[in-house]
Amino acid sequence: MVRLSNQFLLGMIIDTHCHLASKQFKGDLDEVIKRAERDKISKLISIGTDLEDSKECIRIANIHDSVYATVGIHPCSVTDISEENWLQIISDLANANKVVAVGEIGLDFFHPAPSGWDEESYRKRQKDFFISQLELAVDLGINVVIHQRDKSNECWNDIKKIIAPFKGKLRAVFHCFTHSWESAKPLINDGHLISFTGVVTFKNASIIQECASQCPDDSFMVETDSPYLAPIPFRGKRCEPMYVKNTTEFIANLRGTSLEKIAHCTSRNADSFFNF
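Residues numbered from 1 in each chain as written. Predicted model: local features only at pLDDT ≥ 70, side-chain atom pairs only at ≥ 80, totals over all residues. Heavy atoms only, no water.

Enquirer: Sorry if this is basic, but what is going on with the pattern of salt bridges here?
Expert: A complete count under the given rule lists 16 salt bridges for this structure. Between Asp39 and Lys245 there is a salt bridge, with the nearest N and O atoms lying 3.3 Å from each other. Of this pair, Asp39 sits in the loop between α1 (29-38) and β2 (43-46) while Lys245 sits in helix α8 (residues 244-255), placing them 206 residues apart in sequence. For Asp39, a relative accessible area of 22% corresponds to the partly exposed category. The structure contains a network of salt bridges with shared partners spanning Asp28, Arg35, Arg238 and Glu240. (Salt bridge = Lys/Arg side-chain N within 4 Å of Asp/Glu carboxyl O. Helix = DSSP H or I, 4+ residues; strand = E, 2+ residues; numbered from the N terminus. Buried < 20%, exposed > 50% of the residue type's maximum accessible area, 1.4 Å probe, protein only.)

Written as structure tokens, this is what we have:
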């Protein structure tokens, strides 16, 4: 087991994906952020999922020095958007102070279509929103945070087809990466990053663990996706940004290296990708 050292306690690690605007943090958000800061988590990126959520992420970032924000429409939120000028609203929000990416955007074929929608029309709307936000990110000159979840490979295959024409125009981080190293390689070769949550610590996550052990130092980041997906030994509890250290330590063990090294390289990757 790799133990924490005084060098690590100087603080390098970044939680690149957390949902601080979640209702689960409504009662103690300030304490959650302070706990992360006390554990020397140097930056937290609060991820937007719809218009109001994105605005709240910006508000939180503007009152906490360690917090940054992204803005975007999550694929599961696309049917809730009634504003015809939603893309302009996202564009305006993206120009706000401390906004570092467009996201969380992408496709989700795991959850069924909401009431009043069939699967075909729901998935088409997701793709339309996804492509529009990719194009917006290119126009704005910033990178994107991608969500991909499915019960099969259909969503994953569509994601790869949609992102392919944007090679060289923007970079993406594929958040909560749960695919194989073979699946990760072409994305990394195209300049994108992958990011690991606490799922990598789960006993049945051998495919993800293999990927985390093989990907190059400059190809991945770490995150919590809090309040979801708490790592071992906190699985089943509300996740917090401070737990990103547990995930980082686990990956260091997988790779047979020091926690300091993984903290350093993932923070360096985040600094470059989000251009803080």
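We are not done yet, so read on.
Enquirer: What is the right way to look at the packing of aromatic side chains in this model?
Expert: The relation between two aromatic rings is expressed through the spacing of the ring centres and the mutual angle of the planes. Here the structure, examined in full by the defined rule, presents 8 aromatic pairs. The interplanar angle of 35 degrees and the centroid separation of 5.9 Å between the aromatic rings of Phe274 and Phe276 together place this pair among those described as tilted. Classification of Phe274 as buried rests on a relative accessible area of 3%. Look at Phe276 and you get partly exposed, because its relative accessible area is 32%. Following the ring pairs from residue to residue traces out a cluster consisting of Tyr68, Phe273, Phe274 and Phe276. (Phe/Tyr/Trp six-rings, centres within 6.5 Å; stacked < 30°, edge-to-face > 60°.)

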